[in-house]
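# Coordinate analysis (summary)
The lines below spell out each chain.
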Amino acid sequence: MIIDWIDIPKVKNPKGNIAILEGDTLPFEVRRVYYLYDVPSGARRGGHAHKTLQQVLIAVSGSFDVVLKNGKTTQRITLNRPDKGLIISHNTWRELENFSSGAVCLVLASEPYDETEYIRSYKEFLKFIS
Ligand code: TYD
């Protein structure tokens, strides 16, 4: 499994930086934006895959770990840079953990929310991708 990143273009300034997501920077058209915040230390999020949805995760503040599984390999990545986006394609199991205090995980998604499109059992996930 290859970890796929977006280098988010930015305008740097001693008075503060701007990171810009527009046009072809993203691999899909964004149809939903949400963010995780106030995550208590020790909490684990995710624990599911999507049948068709693609996402980009950005640690706009603080840091957290993402564990990705494709049924064959497992990879752990720490997200801690607001100018890097982690692309998670469909058919990928993800778990988010080790949130730092004040961490904010911005999620750009290719589709509106649809619970029927989630796979929430790892056993079902393995069956789905086989
Ligand atoms: P979930 O995607 O399971 O959160 P995480 O992967 O971060 O642990 O969503 C948690 C709950 O929030 C679940 O009941 C569905 C709801 N939800 C929405 O209603 N709309 C959304 O866009 C999202 C992402 C979640």
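Residues numbered from 1 in each chain as written. Predicted model: local features only at pLDDT ≥ 70, side-chain atom pairs only at ≥ 80, totals over all residues. Heavy atoms only, no water.

## Some words on the sheet that holds strand β1 (residues 4-7)
Spelled out, the test is: What makes two strands pair is DSSP finding at least two bridges between them. A run of DSSP states H or I qualifies as a helix once it reaches four residues; a run of E qualifies as a strand once it reaches two. Both are numbered from the N-terminal end. Each axis is a line fitted through C-alpha atoms, and for a helix only the stretch in contact is used; angles between axes span 0 to 180 degrees, taken between their N-to-C directions.
The strand order β1-β9-β6-β11-β4 describes an open sheet built from five strands, whose pairing is antiparallel. Each edge of the sheet is formed by a strand with only one pairing partner; in this case those strands are β1 and β4 (32-36). Adjacent strand axes in the sheet meet at a mean angle of 25 degrees when their direction is disregarded. Where β4 and strand β11 (residues 104-109) come together, five bridges link them in antiparallel fashion. Each bridged residue has a counterpart across the sheet, and for Y35 the counterpart in β11 is L106.

## Observations regarding the packing of aromatic side chains
This is how it is decided: Between the rings of Phe, Tyr and Trp (Trp by its six-membered ring), a pair exists once the centres lie within 6.5 Å; its type follows the angle of the planes, with under 30 degrees stacked, over 60 edge-to-face, and the other angles tilted. Only protein chains enter the calculation, and the probe is 1.4 Å; a residue is then buried if its accessible area is under 20% of its type maximum, exposed if over 50%, and partly exposed in between. Any Lys NZ or Arg CZ that is within 6 Å of a ring centre and within 35 degrees of that ring's normal is treated as a charge sitting over the ring.
For the structure shown, the criterion picks out six aromatic pairs. Pairing W93 with F125 gives two aromatic rings, centres 5.7 Å apart and planes at 45 degrees, and the pair type is tilted. Of this pair, W93 sits in strand β10 (residues 93-97) while F125 sits in helix α1 (residues 122-129); the two residues are 32 residues apart in sequence, bridging distant segments of the chain. Of the residues examined, F125 reaches a relative accessible area of 0% and is grouped as buried. Judged by centre distance (5.8 Å) and plane angle (65 degrees), the ring pair of Y113 and Y118 falls under edge-to-face. Here a set of aromatic residues connected by ring pairs shows up, and it is made of W93, Y122 and F125. Directly above the ring of Y122 sits K69, whose terminal nitrogen or CZ lies 5.3 Å from the centroid.

## Here's the deal with unusual backbone geometry
One non-glycine residue, D38, lies in the positive phi region at around 55 degrees. When you line up the elements, D38 lands in the loop between β4 and β5 (45-50). Positive phi is not limited to glycine here, since N98 has a value of about 55 degrees. Within the secondary structure layout, N98 lies in the loop between β10 and β11.

## A short note on the sheet that holds β5
One open sheet holds the five strands; their spatial order is β8-β7-β10-β5-β12, and the pairing between them is antiparallel. Each edge of the open sheet is held by one strand with a lone partner, namely β8 (74-79) and β12 (118-119). As judged from the three bridges shared by β5 and β10, these two strands associate in the antiparallel manner. Directly across from G46, in β10, lies its bridge partner E95.

Everything listed here is a matter of geometry and, on its own, says nothing about what the molecule does.
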